[in-house]
Every structure is written in C-alpha cells, then in structure tokens.
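The lines below spell out each chain.
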Amino acid sequence: MAVLNLDQIIDLKKQVEEKFGETLHAHDTCGGQSFEVKEMTPELKAFLREYLRTEGLKAAFSETDGNFVVS
C-alpha cells in the first residue's frame, strides 16, 4: 500500500496552507489514506498531483468535493 509518512503529511499540510490558504485534513485508516480540503481549486489539484508524483504516488480526486485518496 502506497502512503505518505508522517513527515510528508506535515510538509504537505504546511505547503497547502502557505500556498493556498487551505487546511488539509488527513485521514489514515487500514484501507489507506484520504485527505480533504474545503475548496479544491484547479491550481491546488495540480499542486497536489505534482507533489504526490515526486513522492512516487498518485491521487484520485472526488468530482463533487475536496476529497482525494492516495495510491
């Protein structure tokens, strides 16, 4: 299972807050990791895709809200 470690989550949360003014909420369950923001803009989505790509991960984004899962 591909996931972000705690240091990566802290870094990602900090960058999202600084660059986009959004609070990133992380949810870690036995089924994987999911994240959410209040408002998912195209710019934020592009940033998240690139951040995860550099970590060797991908994201599947919800079409209806600010949720996404990491794989």
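This structure is a prediction, so every number in the text was calculated from the model and none was measured. (Residues numbered from 1 in each chain as written. Predicted model: local features only at pLDDT ≥ 70, side-chain atom pairs only at ≥ 80, totals over all residues. Heavy atoms only, no water.)

Visitor: What is the right way to read the nonpolar core from this model?
Guide: Side chains that are nonpolar tend, in soluble globular proteins, to be buried together. Of all hydrophobic cores here, the largest spans 17 residues; its most connected members are Leu 4, Leu 12, Leu 48 and Phe 68. At the level of secondary structure, the elements contributing two or more residues to this core comprise helix H1 (6-20), helix H2 (42-54) and strand S4 (67-70). The element best represented in this core is H2, accounting for five residues. What Leu 4 contacts, discounting residues up to four positions off in sequence, is Ile 9, Leu 12, Gln 33, Phe 35, Tyr 51, Leu 52, Glu 55 and Leu 57. (Core = buried A, V, L, I, M, F, W, Y, C linked by side-chain atoms within 4.5 Å. Buried < 20%, exposed > 50% of the residue type's maximum accessible area, 1.4 Å probe, protein only. Helix = DSSP H or I, 4+ residues; strand = E, 2+ residues; numbered from the N terminus. Contact = heavy atoms within 4.5 Å.)

Visitor: Even after reading the chapter, I still don't get the environment of Lys 45, so can you show me in this structure?
Guide: Residue placement: Lys 45 occurs in helix H2. A sequence separation of 14 residues divides Lys 45 from Ala 59, and the C-alpha atoms of the two residues are 9.3 Å apart. When near neighbours in sequence (up to four residues on either side) are disregarded, Lys 45 contacts Met 40 and Phe 61.

Visitor: When you look at the side chain of Gln 8 in this model, what are you seeing that I'm missing?
Guide: Mapped onto the secondary structure, Gln 8 falls in helix H1. If we ignore the near neighbours within four places in the chain, the residues touching Gln 8 are Val 3, Tyr 51 and Glu 55.

Visitor: What should I look at first to understand the packing of aromatic side chains in this one?
Guide: Centre-to-centre distance and the angle between the planes together describe a pair of aromatic rings. A complete count under the given rule lists four aromatic pairs for this structure. Aromatic pair Phe 20 and Phe 47: ring centres 5.5 Å apart, planes at 50°, arrangement tilted. Linking Phe 20 in helix H1 with Phe 47 in helix H2, this pair joins segments that are 27 residues apart in sequence. The exposure class assigned to Phe 20 is partly exposed, which follows from its relative accessible area of 29%. Take Phe 47: its relative accessible area is 16%, and that puts it in the buried class. Summarising the aromatic geometry, the rings of Phe 35 and Phe 68 are spaced 5.2 Å apart at their centres and angled 15° between planes, so their arrangement reads as stacked. With a gap of 33 residues between them, Phe 35 in strand S2 (residues 32-36) and Phe 68 in strand S4 connect regions that are remote in the sequence. A relative accessible area of 1% means that Phe 35 is categorised as buried. (Phe/Tyr/Trp six-rings, centres within 6.5 Å; stacked < 30°, edge-to-face > 60°.)

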